[in-house]
Structure formats: C-alpha cells, structure tokens
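Residues per chain are reported as follows:
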Amino acid sequence: MGTLASAAGEGRAFAFTRGVLAVPLPRFGPLLMTAFPLGSGQRLLGRRLPGLARALAVPLLLSVVLSAGATSVIKVRKGDTLSDIAKRYHTSVAALRELNDIPGNSNLIYAGQSLRVPGGAIATQAAPRTVRVPRYHRVVSGDTMIGLAARYQTSVSWLQAANKLPKSRVIRLGDQLFVGYAPQTVAAPAALTPVPRAVLRTRIKSLIRKEAKRAGVDVNLALAVAYQESGFQMDVVSAAGAVGAMQVMPDTGRWVSKYIVGRPLNLSAPEDNVVAGVRFLALLMQLTGKREVAVAGYYQGLASVKRNGEYADTKAYVRNVLFLQRRFGRG
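Please read all numbers here as calculations on a predicted model, not as lab measurements.

Trainee: Now, about the packing of helix H9 (residues 291–300) against helix H11 (residues 312–329): what can you tell me, with residues and values included?
Mentor: Between H9 and H11, the least distance of the axes is 9 Å, while the angle of their chain directions is 120°. Of the possible angle classes, the one that applies to H9 and H11 is oblique. Crossing handedness for the pair H9 and H11: right-handed. From H9, Arg291, Glu292, Val295, Ala296, Tyr298, Tyr299 and Gln300 reach across to H11, where they touch Asp313, Thr314, Tyr317, Val318, Val321, Leu322 and Gln325. Class assignment of the residues belonging to the contact of H9 with H11 gives a composition of eight nonpolar, three polar and three charged.

Trainee: Tell me about the pattern of salt bridges, and please be specific about residues and values.
Mentor: Summed over the entire model, instances satisfying the criterion amount to six salt bridges. In this structure, a network of salt bridges that share partners links the residues Glu211, Arg214 and Arg279.

Trainee: Go over the side chain of Asp272 with me, naming the residues and quoting the values.
Mentor: Along the polypeptide, Asp272 turns up in helix H8 (residues 270–288). We classify Asp272 as buried; its relative accessible area is 11%. Separated by 3.1 Å, the side chains of Asp272 and Arg263 make a polar contact. For Asp272, the side chain forms a polar contact with the main-chain nitrogen of Asn266, separated by 2.8 Å.

Trainee: Break down the nonpolar core for me, citing the residues and quoting the values.
Mentor: Residues Ile208, Val217, Met246, Val278 and Tyr298 are the most contacted members of the largest nonpolar core, which totals 45 residues. Broken down by secondary-structure element, the contributors of at least two residues to this core are helix H5 (197–215), helix H6 (219–230), helix H7 (250–261), H8, H9, helix H10 (302–308) and H11. When residues of this core are assigned to their parent elements, the largest contribution, nine residues, is made by H8. Grouped together as the second largest cluster of nonpolar side chains are 12 residues, Leu82, Val93, Leu96 and Leu115 included.

Trainee: Hey, could you go over H11 for me, with residue numbers and the actual values?
Mentor: Taking 1.5 Å of rise per residue, the 18 residues of H11 would be expected to cover 26 Å, and the 26 Å separating its terminal C-alpha atoms lies within 8% of that figure. Every buried residue of H11 is accounted for by Thr314, Tyr317, Val318, Val321, Leu322, Leu324 and Gln325. The buried residues of H11 occupy an angular sector of 160° when projected down its axis, which confines them to one face. The exposed residues of H11 that point more than 90 degrees off its buried face are Ala312 and Arg319.

Trainee: Account for unusual backbone geometry, naming residues and giving values.
Mentor: Even without being a glycine, Lys164 presents a positive backbone phi close to 50°. As for its placement among the helices and strands, Lys164 is situated in the loop between helix H4 (156–162) and strand E8 (176–186). Among the residues examined, Lys164 registers a relative accessible area of 35% and is labelled partly exposed. Unusually for a residue other than glycine, Phe232 sits at a positive phi of about 65°. Note that Phe232 resides in the loop between H6 and strand E9 (236–238). Overall, the relative accessible area of 4% leaves Phe232 in the buried class.

Trainee: Go over the packing of aromatic side chains with me, naming the residues and quoting the values.
Mentor: What the rule picks out here adds up to nine aromatic pairs. Pairing Phe178 with Tyr181 gives two aromatic rings, centres 5.3 Å apart and planes at 80°, and the pair type is edge-to-face. Joined through ring pairs, the aromatic side chains of Tyr136, Trp158, Phe178 and Tyr181 make up one cluster.

Trainee: Break down the environment of Leu96 for me, with residues and values.
Mentor: The topology assignment puts Leu96 in helix H2 (residues 93–99). As a C-alpha pair, Leu96 and Ala86 span 10 residues in sequence and 7.2 Å in three-dimensional space. Leave out the neighbours within four places in its chain, and Leu96 touches Leu82, Ile85, Ala86, Thr91, Ile102, Arg116 and Val117.

Trainee: Pulling in residues and values, what's your account of H5?
Mentor: Owing to its 3.6 residues per turn, the α-helix brings residues three or four apart onto one side. For H5, with 19 residues, the first-to-last C-alpha span of 26 Å sits near the 27 Å given by 1.5 Å per residue. Taken together, the buried positions of H5 are occupied by Leu200, Ile204, Leu207, Ile208, Glu211, Ala212 and Ala215. Seen end-on, H5 carries its buried residues on one side only, within an arc spanning 130°. In the core, the buried residues of H5 are packed alongside H6 and H8. Trailing H5 by a residue or two, Gly216 shows a phi angle of about 75°, which is positive.

Each value, and the rule that gives it
Residues numbered from 1 in each chain as written. Predicted model: local features only at pLDDT ≥ 70, side-chain atom pairs only at ≥ 80, totals over all residues. Heavy atoms only, no water. Axes fitted to C-alpha atoms, helices over the stretch in contact; angles between N-to-C directions. Helix = DSSP H or I, 4+ residues; strand = E, 2+ residues; numbered from the N terminus. Parallel < 35°, antiparallel > 145°, perpendicular 65-115°, else oblique. Left-handed = near helix turned anticlockwise from the far one by under 90°. Contact = heavy atoms within 4.5 Å. Nonpolar A, V, L, I, M, F, W, Y, C, P; charged D, E, K, R; others polar. Salt bridge = Lys/Arg side-chain N within 4 Å of Asp/Glu carboxyl O. Buried < 20%, exposed > 50% of the residue type's maximum accessible area, 1.4 Å probe, protein only. Polar contact = N/O pair within 3.5 Å; in protein donor to acceptor, adjacent residues only side chain to side chain. Core = buried A, V, L, I, M, F, W, Y, C linked by side-chain atoms within 4.5 Å. Expected span 1.5 Å × (residues − 1). Arc of directions from axis to C-beta. Phe/Tyr/Trp six-rings, centres within 6.5 Å; stacked < 30°, edge-to-face > 60°.

Rendered as structure tokens:
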C-alpha cells in the first residue's frame, strides 16, 4: 500500500495527499485496485490555505573544497549565489568573476558548477535560526475534533476551516489534517534562485515542454497549470507545504518517485519538480479522460472532486487554467 498526495484539496483516495484508494495504477478513490492515498489534492490543504508563501527556510549548504593551491575549486550547491560564496570565502564578487572568467556584471551560476576561489580560504556558515513549518496529524482510531483542537491548542472551527471539512465536521481514519505550525531550527536561508528570475522561468518553461511531450500531456495545459500554481517560480512554498513551480506536496513527490518514475525526486530541483507535477497531471488525464476534471483534481484532489463536486474556488482555478492554456496556445 502506498501513500500518495493529491493535487490540492481534501479527501482520501487516489491523489497526492491523504485518504486511500484502490487501483492497479495506485491513485484515486475507489477506482482501481491497490490502496493509495488520494484525496486532498497536491497540497493537501493547498488552495484552502492562504496561498503561496516564500520558502520557510532552505538549509545553507557549504560548498565542498575539492583541491588546494593558489586557488581552491568548489562545487556550487543549490541556493548559492556569488555574493554568498564571496562572503563565505572572504573574497569579493569581482574577484570570483575574474578567477572564473564570468563576463561583465553577470551573476549567473548554477548548481553543480565548479568555481575557483582564493586558496586557503575557509568557508563560514551563518548561525541557525528557528522557523515555523506546517504540521500535520493523521487521524487514528479514537480521534475527535474536540480532542485534536485541545491537543494542538486551536479550535474546532479553525480545524474545520483550515482543512475544508464538511459542516458535519466528520473526519475519517487515515485523513491527514493540517493542525498549525511547529518550530524548527534550520541553517540560515539561502536564495533558492542563483540565477535571474527571468532566466530561471525560461528554463522552467523549457523543462515543462519537454516533460509534457514525454508524458503525453498537452504542453499548453502543463504550462497553464504551472503558471497558475507559481508563475514558473521555484522559490515558493505554499502554506500547506507544496513546493516549487508545479507546487508538489512532498508525499506526492515520494509517490511519483516510487510508483511512476522509479527514481528519487528532489522537489527543490527544477527538473524533478517538473517531472513530479507533469507526471501527476498525466495520470489524472488518464484516469478521468477529461481535461476539466483532471485540472480540478490537480487542485482539489480527484477523490474530493468525485465525492463533493468542485468547490467554488476550484471552479475559478479551472477557468483560469483553461484561459491560460488558450493564451499559451496562441504563443
């Protein structure tokens, strides 16, 4: 039995977030034959929460010194910028440009790139800090809304609103509920985008086009979903924890990794984020055969759409995506 997360809403069954579903191709509510978490859409509470927020924190990874001498060679890690590296190695951006033949005032570097830095310099790491991260509770036997509200020091009405629960406030075994935020100590955050935004957005669009063609998804539809979700930006994390350009929930990424692509996926990497989101969209298209329903399922969660119909905000989301699809189609 695998656990999956739908693309945005609530419920349980095949999608990316909570609930369970039976399917041969693991995924949506009682459809096929193999239990998988469905429901709730890609971001579990996704759209039901306040919208996108900047990444809560990104561990600052130290570059690794590969050689010594007059200069040392380091590997650029995700989140590095020339300014960050200059501070870490007690040098200047201008010196780094000169050492590495970086033209003009360009700050363009990329993860995995080798850079020369003045030899003998020792990297320094910023002090850690405490941030708030989303906290979830998986419903078990004996749980009640009143008990959960008391346990997580909130109110029943808040839990109902945050998780878009029905008026009856019924919760089911296995449901994953957003219960607030918990403190977490992390290294000082580094910028997620080491290249200009316009350059990264162009790269994201190129990755989406390639992956959509491979997955058999309409390219303009995939672009529309990504634009609606994040504006082609990687450095955004929703209040519910959805990550990157395609706003993929971590559980969803793990499920796609295990059951669809068969390799680990790093949702903070543009390539893997696009793979997870586009492959999930492709599966929704296969399961529904209808563009509108697939898009609604990406946002709200297919199991929830089948059980409750489309919510008002889901209908608006679908309209926006279809409008954007037409716009991208016109070039």
